[in-house]
Amino acid sequence: MLQIRWHSRAGQGAVTGAKALADVLAAEGKFVQAFSVYGAEKRGAPMNAYNRVSDEEIIDHSKEMLPDYVLVIDPSLVFSGNITRNTNQNTKFIITTDMTKEELVKQ
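Residues numbered from 1 in each chain as written. Predicted model: local features only at pLDDT ≥ 70, side-chain atom pairs only at ≥ 80, totals over all residues. Heavy atoms only, no water.

Participant: Tell me what's going on with the side chain of Gln3, and back it up with residues and numbers.
Facilitator: One can find Gln3 in strand E1 (residues 2–9). Among the polar contacts made by the side chain of Gln3, one reaches the side chain of Arg52 at a distance of 3.2 Å. Separated by 3.5 Å, the side chain of Gln3 and the backbone oxygen of Leu66 make a polar contact. Not counting residues within four places of it along the chain, the set of residues in contact with Gln3 comprises Asn51, Arg52, Met65, Leu66, Pro67, Asp68 and Tyr69. (Helix = DSSP H or I, 4+ residues; strand = E, 2+ residues; numbered from the N terminus. Polar contact = N/O pair within 3.5 Å; in protein donor to acceptor, adjacent residues only side chain to side chain. Contact = heavy atoms within 4.5 Å.)

Participant: With reference to specific residues and values, describe a nonpolar patch on the surface.
Facilitator: Residues Leu2, Tyr69 and Ile94 make up a contiguous nonpolar surface patch of about 230 Å² in total accessible area. Assignment of secondary structure puts Ile94 in strand E5 (residues 92–95). (Patch = residues over 30% accessible without salt bridge, like charges linked within 9 Å, V, L, I, M, F, W, Y side chains within 5 Å. Areas by Shrake-Rupley, 256 points an atom, 1.4 Å probe, with all protein chains shown as cover. Salt bridge = Lys/Arg side-chain N within 4 Å of Asp/Glu carboxyl O.)

Okay, structure coming up:
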């Protein structure tokens, strides 16, 4: 099963992105889940969205996962949020930023 966790601020499109990805993959015959978890429900508050994708029916409906990919839409969350929680050495991070990988790791 492929698992993806999105980090963004409310209003930046992570929920829309997770749902759009699920729609495309469902149309290809995959079993999918797309859901989100909000803190304070206001624009700009940190939030997470999630995807699960599988060739078989998905029976896990918890928000806990060991994501294969972590997508960070708002680069400030790299420094203020714990984007590395529940990850492993194979988790791939995709971060929207103008910084190089070396600059990000250094900071």
